[in-house]
Amino acid sequence: MEPIPSSLKKSEFLERLETVKHIASTDFETYAVVKEKESGQHYLHYSFTHINLSEGGRKYAYEHFLPLSSDDVLGIIFGEQPYTFPDHWLNPYYRSGSDDRMMWFDPRENHQLEDDAKTEQEILSKLQSFKQAWNEADDPEELTRKLLGEIDQMMKKEKDQ
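Residues numbered from 1 in each chain as written. Predicted model: local features only at pLDDT ≥ 70, side-chain atom pairs only at ≥ 80, totals over all residues. Heavy atoms only, no water.

Focus: the packing of aromatic side chains
Phase 1 of the analysis: This model, assessed by the stated rule, comprises 16 aromatic pairs.
Phase 2 of the analysis: Relative to F105, the ring of Y93 lies with its centre 5.4 Å away and its plane at 65°, an arrangement referred to as edge-to-face. Highlighted residues: Y93 in strand β6 (residues 93-96) and F105 in strand β7 (residues 101-105), separated in sequence by 12 residues. There is no split in this pair, since Y93 and F105 are both buried.
Phase 3 of the analysis: Taken together, Y31, Y46, F48, Y60, Y62, Y83, F85, W89, Y93 and F105 form an aromatic cluster joined through their ring pairs. (Phe/Tyr/Trp six-rings, centres within 6.5 Å; stacked < 30°, edge-to-face > 60°. Helix = DSSP H or I, 4+ residues; strand = E, 2+ residues; numbered from the N terminus. Buried < 20%, exposed > 50% of the residue type's maximum accessible area, 1.4 Å probe, protein only.)

Written out as C-alpha cells, the structure is:
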C-alpha cells in the first residue's frame, strides 16, 4: 500500500471517487461509501453543512473521508457496523476545510487530551478536599505530604498509560 499523503488537492481527490452506496442523509449530513477508481481504496464519506449565523447564514460544506477495509465496507453497507461521526471515527482520516485541501487528521492524538483533562479534574477535586481538611488538620504538614504523594501517583499512572 502506498504511503498516505498528509494533504491532497480536494477537487482532484473528489474526481477520483465514485459512490458505491449511499448510506444515510439528513438536512445537514450525508454518509456514503465511496471508492477511489484507480487504487480501489474505499472510504466512508461524511459530509456536513455548517451555517454560520454570524455571517448572515453563510453555508460551509465540510467533507471527511475515513479509509475502510473490505470488512468495514461490508459491515457498513449491510448495516452491521456503526459508522457515525465522530463516535466511530477513531482512526486517521482526511478532512476538508474552507479551501481546496484535504488534510490527514489523526483523532487518536486527541485521546491523550481527554486523559489529561480527567487527571486535572481529579487533582482539582483532591485540592478542594485538601483545602477543607487543612483547616481541621492536627498535622497540616502530614496532610500536605499525603496530598503530594497522591498527586505523584496519579501523574505516574497517567504517564505509564
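Next, the rest of the story.
Some points on the nonpolar core
Where a protein is soluble and globular, its nonpolar side chains tend to be buried together.
Phase 1 of the analysis: Counting 12 residues, the largest nonpolar core is built from Y31, V33, L44, Y46, L66, L68, V73, I76, Y83, W89, Y93 and F105.
Phase 2 of the analysis: Elements that contribute at least two residues to this core include exactly β3 (29-36), β4 (42-52), β5 (58-68) and α2 (70-77).
Phase 3 of the analysis: Non-local contacts of L66, meaning those with residues more than four positions away in its chain, are made with H42, Y43, L44, H88, W89, N91, P92 and Y93.
Phase 4 of the analysis: Residues F13, L17, A32 and F65 belong to the second largest nonpolar core, which totals 9 residues. (Core = buried A, V, L, I, M, F, W, Y, C linked by side-chain atoms within 4.5 Å. Contact = heavy atoms within 4.5 Å.)

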